[in-house]
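Residue-level structural notes
Now for the letters of each chain:
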Amino acid sequence: MSTVAPHKFAGVYTSTDGEYTSLSTKSLVPGVSVYGEKLVNVGQDEFRIWSPRRSKLAAAIKKGLAEMPIQPGSKVLYLGAASGTTVSHCSDIVGKGGVIYAVEFAPRSARDLVQLAASRTNVIPIIEDARHPTRYAPLVSGPIDVIYQDVAQPNQATILCENLKTFCSFGAWGMLAIKARSIDSATSLDKVYNKEIAELDRRGLDVVENIDLEPLERDHRFVVCRVTEDVT
Ligand SMILES: C[S@@+](CC[C@H](N)C(=O)[O-])C[C@H]1O[C@@H](n2cnc3c(N)ncnc32)[C@H](O)[C@@H]1O
């Protein structure tokens, strides 16, 4: 029999089934498995198992994330939504009082995202290029509390800064999954990470966490930063 207990982060749960313990979120749309994830029913509630092998945010939590800015009620701008795997768990976490503006530019993934949003009213799909925030600014009702970014692009720190500048004010958070091999396939991983983090720092962000996602996700770092002064 499965048991579920609240995790230290609001909106996140720990499900235990025999010797197995997994992260999970309480489903906003019971009865629906979004991408084949296991559903666990406890009392009146349904929980969706959240695998750290399928989601870098779950991997970061497993690897000891200290700050979780995405909380019940948060307004999140999610860049690189793909088909909505992690978006769907963020949608569970922020709940009906929050919103996820989910940006994705690949047509096939965007179709799945639009379908996801049909049953999750707190997900607003935006079919756009995250490198051009001014194009989708009219669709986003700010200010945004958290920007979560997971895009395979060469200039990942710059994209995050441009979006933070456009949508956020003091106290807002950035969460960035740095995919090293999309930036540079020849340079050492540490050099690539350090260059992106230096860019965040140079532009005025306070980098508060820097987590290596190995072995859950290869060649990725997960960085949490905060807007504490004007982003240049
Ligand atoms: C690694 S996948 C994201 C996975 C997703 N975050 C999850 O955990 O469910 C990266 C996604 O970023 C999208 N992407 C890359 N560059 C982008 C851009 N400039 N604007 C919007 N989406 C972009 C890709 O099409 C791809 O779907």
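Residues numbered from 1 in each chain as written. Predicted model: local features only at pLDDT ≥ 70, side-chain atom pairs only at ≥ 80, totals over all residues. Heavy atoms only, no water.

What follows covers the domain arrangement of the protein chain. Taken domain by domain, the protein chain comprises domain 1 (2–50) and domain 2 (57–227). Placing the centre of domain 1 and that of domain 2 at their C-alpha centroids yields a distance of 23 Å. Across the boundary between the two partners, domain 1 contributes 18 residues, which contact 21 residues of domain 2. Both sides together, the interface formed by domain 1 and domain 2 hides about 1,700 Å², and carbon and sulfur atoms give 70% of it. The largest share of the area that domain 1 buries against domain 2 comes from Phe9, Leu28 and Trp50, three residues that together contribute 41% of it. The tally of links between domain 1 and domain 2 comes to 1 salt bridge. Its salt-bridge partner being Arg48, residue Asp92 comes within 2.7 Å of it at the nearest N-O pair. For the side of domain 1 that touches domain 2, the element with the most residues is strand β3 (residues 20–26), which contributes 4 residues. A class-by-class count of the residues in the side of domain 1 that touches domain 2 yields 10 nonpolar, 5 polar and 3 charged. (Domains from an automatic or database assignment. Contact = heavy atoms within 4.5 Å. Buried area = accessible area lost by both parts, 1.4 Å probe. Salt bridge = Lys/Arg side-chain N within 4 Å of Asp/Glu carboxyl O. Helix = DSSP H or I, 4+ residues; strand = E, 2+ residues; numbered from the N terminus. Nonpolar A, V, L, I, M, F, W, Y, C, P; charged D, E, K, R; others polar.)

Read across the sheet, 5 strands follow the order β1-β2-β3-β5-β4 without closing on themselves; strand pairing throughout is antiparallel. Two strands close off the open sheet at either side, each with one partner strand: β1 (2–6) and β4 (39–42). Across this sheet, the average inter-strand angle for adjacent strands is 40 degrees, counted without regard to direction. Alignment of β3 against strand β5 (residues 45–50), held across 4 bridges, turns out to be antiparallel. The residue of β5 that forms the bridge with Ser24 is Ile49. Strand contacts of helix α2 (residues 85–94): β2 (12–17), β3 and β5, with the helix running at about 140 degrees to β5, the strand carrying the most contacts. (Pairing = 2+ DSSP bridges. Axes fitted to C-alpha atoms, helices over the stretch in contact; angles between N-to-C directions.)

Here we take up the packing of aromatic side chains. Under the counting rule described, the total for this entry stands at 4 aromatic pairs. Look at Tyr78 and Tyr148: their rings are 4.6 Å apart centre to centre, the planes differ by 25 degrees, and that puts the pair in the stacked class. With Tyr78 in strand β6 (residues 75–79) and Tyr148 in strand β9 (residues 146–149), this pair connects stretches of sequence that are 70 residues apart. With a centroid separation of 5.8 Å and 10 degrees between ring planes, the pair formed by Tyr136 and Phe167 is classed as stacked. Note that Tyr136 is positioned in helix α4 (residues 133–136) and Phe167 in helix α5 (residues 156–167), a separation of 31 residues in sequence. The burial state of Tyr136 is the same as that of Phe167; both residues are buried. Here the aromatic cluster, defined as three or more aromatic residues joined through ring pairs, consists of Tyr78, Tyr148 and Phe222. (Phe/Tyr/Trp six-rings, centres within 6.5 Å; stacked < 30°, edge-to-face > 60°. Buried < 20%, exposed > 50% of the residue type's maximum accessible area, 1.4 Å probe, protein only.)

Bringing the nonpolar core into the picture now. Within the largest apolar cluster, 36 residues are counted, with the highest numbers of intra-cluster contacts made by Trp50, Leu57, Leu65, Met68, Ile70, Met175 and Phe222. Going through the elements one at a time, α1 (56–62), β6, α2, β7 (99–104), α3 (107–119), β9, β10 (173–179) and β12 (220–227) are the ones with two or more residues in this core. Looking at which element gives the most residues to this core, the answer is α1, with 5 residues. Built from parts of two domains, this core gets at least three residues from each of domain 1 (2–50) and domain 2 (57–227). In contact with Trp50, not counting residues within four places along its chain, are Val12, Leu23, Ser24, Thr25, Tyr35, Ser55, Leu57, Ala58, Ile61, His89 and Ile93. Core analysis: the next-biggest nonpolar cluster, separate from the first, contains 33 residues, Tyr101, Tyr136, Ile147 and Ala172 among them. (Core = buried A, V, L, I, M, F, W, Y, C linked by side-chain atoms within 4.5 Å.)

Let's shift gears to the side chain of Asp129. Considering the arrangement of structural elements, one finds Asp129 in the loop between β8 (123–127) and α4. According to the relative accessible area criterion, Asp129 is buried, its value standing at 11%. Within the local environment of Asp129, its side chain forms a polar contact with the side chain of Arg131, the two groups lying 2.6 Å apart. Residues within four places of Asp129 in sequence aside, it is in contact with Phe105, Arg135 and Tyr136. (Polar contact = N/O pair within 3.5 Å; in protein donor to acceptor, adjacent residues only side chain to side chain.)

With that settled, consider the pairing of β1. On a regular strand, one side chain projects to one face of the sheet and the next to the other, so that they alternate. The sheet contact formed by β1 and β2 spans 5 bridges and is antiparallel. Bridged to Pro6 within β2 is Tyr13.

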